[in-house]
Amino acid sequence: MLRIAVPNKGSLSGPAGEMLHEAGYQQRRESKELRIVDPVNDVEFFYLRPRDIAIYVSSGRLDIGITGRDLLIDSGANAEEILPLGFARSTFRFATKPGTADGIEDLRGRTVATSYEGIVAKHLAEQGVDASVVHLDGAVETAIELGVAEVIADVVETGTSLRNAGLEVFGEPIMKSEAIVIRRTGADVEEPKVQQFLRRLQGVLVARTYVMMDYDCRVEQLEKAVALTPGLESPTVSPLHNEGWVAVRAMVPSKEAQRIMDDLYDIGARAILTTAIHACRL
Ligand SMILES: Nc1ncnc2c1ncn2[C@@H]1O[C@H](COP(=O)(O)OP(=O)(O)OP(=O)(O)O)[C@@H](O)[C@H]1O
Ligand SMILES: O=P(O)(O)OC[C@H]1O[C@H](OP(=O)(O)OP(=O)(O)O)[C@H](O)[C@@H]1O
Ligand SMILES: [Mg+2]
């Protein structure tokens, strides 16, 4: 039975549960449940604190985990990213009062407050900057106002939290993060059960980013139409009852669907339909 760690709280928890549900796995019904067995899919889910997931996976007691890239790096645990999942996207940045720092050099001799001490210490060492780091559990934006630090390093998504605290980012982003699937470093990723789990999640990612497009067009326009909708392998082309016409079916990226429909219409395609994909295996 595959044993999988899933975030039990915070920004990763809801979207991770939704993705697993879309991939056909049973999920917990109550937020207090700590573990559930999904006998049909031969999987057991453990609901753990996001920060602890890399540690459990690196111990080898759990086969796979879903966590944030920033949390994995911060933990320093012996685990590696095997699939990015595209949600809980954020950057990790330094911030301070406007006009008090321009770049990482300005951190020399100063104090940085953060909940991600591992990431900050590693980054400062790589850049050869000597600064002190103070660990706080959260709400680090307040640390400057209260004089605990001169600079903070934190997760930034929309920037609202920083703006509300009257702070501004400076320097290059330290890292970009998103939810990821992790496995113990060196463990066999080719294991059939692991591969099946990854294929299911990849299927959800594809179903979320592509739509199916169907349309009719004249045979003379087919090459132009197919250039607009090349599909993943190649589009399906079937004859219509009306001679000289064909029906075409191809997957297209959902973000581009409206533009492609306009372009197809302009070259004479008609009855252009898009439908959602609920699941897939590529
Ligand atoms: N506002 C946000 N937008 C996107 N991702 C975020 C945001 N806040 C935190 N994350 C991501 O969530 C993960 C941290 O999860 P964690 O549960 O520790 O903190 P949280 O989501 O801030 O929850 P809380 O602080 O309420 O416990 C990291 O990967 C981080 O990048
Ligand atoms: O750029 P934004 O869209 O504002 O998002 C980023 C904020 O979200 C998270 O905070 P959270 O609300 O989880 O509080 P915390 O600092 O206590 O973790 C994170 O720590 C940032 O403070
Ligand atoms: Mg938080």
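Residues numbered from 1 in each chain as written. Chains lettered and ligands numbered in written order. Predicted model: local features only at pLDDT ≥ 70, side-chain atom pairs only at ≥ 80, totals over all residues.

- For the protein, the name recorded in an unreviewed UniProt entry is ATP phosphoribosyltransferase, with Streptomyces rishiriensis as its organism.
- The Catalytic activity (unreviewed entry) field of the UniProt record for the protein holds the comment "1-(5-phospho-beta-D-ribosyl)-ATP + diphosphate = 5-phospho-alpha-D-ribose 1-diphosphate + ATP".
- Database annotation for the protein, UniProt heading Pathway (unreviewed entry): "Amino-acid biosynthesis; L-histidine biosynthesis; L-histidine from 5-phospho-alpha-D-ribose 1-diphosphate: step 1/9." (UniProt positions renumbered as here; feature names shortened; annotations may be inferred.)

### Observations concerning the site of ligand 2
Now for step 1: In the region of ligand 2, the neighbouring residues are Gly-138, Ala-139, Asp-154, Val-155, Val-156, Glu-157, Thr-158, Gly-159, Thr-160 and Ser-161.
Now for step 2: Tallying contributions element by element places strand S9 (residues 151–156) first for the shell around ligand 2, with 3 residues.
Now for step 3: A breakdown of the residues in the shell around ligand 2 according to their chemical character gives 3 nonpolar, 5 polar and 2 charged. (Near = placed C-beta within 6 Å. Helix = DSSP H or I, 4+ residues; strand = E, 2+ residues; numbered from the N terminus. Nonpolar A, V, L, I, M, F, W, Y, C, P; charged D, E, K, R; others polar.)

### A look at the sheet that holds strand S14 (residues 245–253)
Now for step 1: Strand order in the open sheet made by the 4 strands is S13-S14-S12-S15, with antiparallel pairing throughout. Edge strands, defined here as strands with exactly one partner in the open sheet, are strand S13 (236–239) and strand S15 (270–276). Across the sheet, the mean angle from the axis of one strand to that of its neighbour is 20°, orientation sign disregarded. (Pairing = 2+ DSSP bridges. Axes fitted to C-alpha atoms, helices over the stretch in contact; angles between N-to-C directions.)

### Some words on the environment of Ile-272
Now for step 1: Positionally, Ile-272 belongs in strand S15.
Now for step 2: When the 19 C-beta atoms within 10 Å are taken as the criterion, Ile-272 is described as partly exposed.
Now for step 3: For the pair Ile-272 and Cys-217, spaced 55 residues apart in sequence, the C-alpha separation works out to 9.4 Å.
Now for step 4: Contacts of Ile-272, omitting those with residues within four sequence positions, involve Met-213, Tyr-215, Met-261, Leu-264 and Tyr-265. (Buried ≥ 20, exposed ≤ 12 C-beta atoms within 10 Å, placed from the backbone. Contact = placed C-beta atoms within 7 Å.)

### Things to note about the site of ligand 1
Now for step 1: The full set close to ligand 1 counts 15 residues, and Gly-10, Ser-11, Gly-68, Ser-90 and Glu-157 are the nearest of them.
Now for step 2: When residues of the shell around ligand 1 are traced back to their parent elements, those giving at least two are helix H1 (10–22) and helix H3 (69–75).
Now for step 3: For the shell around ligand 1, the element with the most residues is H1, which contributes 3 residues.
Now for step 4: Three or more residues apiece are contributed to the shell around ligand 1 by two domains, here domain 1 (2–87 + 178–189) and domain 2 (90–176). (Domains from an automatic or database assignment.)

### Focus: the sheet that holds strand S11 (residues 179–184)
Now for step 1: Strand order in this open sheet of 6 strands is S2-S3-S1-S4-S11-S5, and the pairing throughout is mixed. Each edge of the open sheet carries a strand with a single partner, namely strand S2 (35–38) and strand S5 (79–84). For this sheet, the mean angle separating the axes of adjacent strands, direction not counted, is 30°.
Now for step 2: Note: S2 against strand S3 (residues 43–48), 4 bridges, orientation antiparallel. What sits directly across from Asp-38, in S3, is Val-43.
Now for step 3: Each of strand S1 (2–7), strand S4 (64–68) and S11 is contacted by H1, which is oriented at about 135° to S1, the strand it contacts most.

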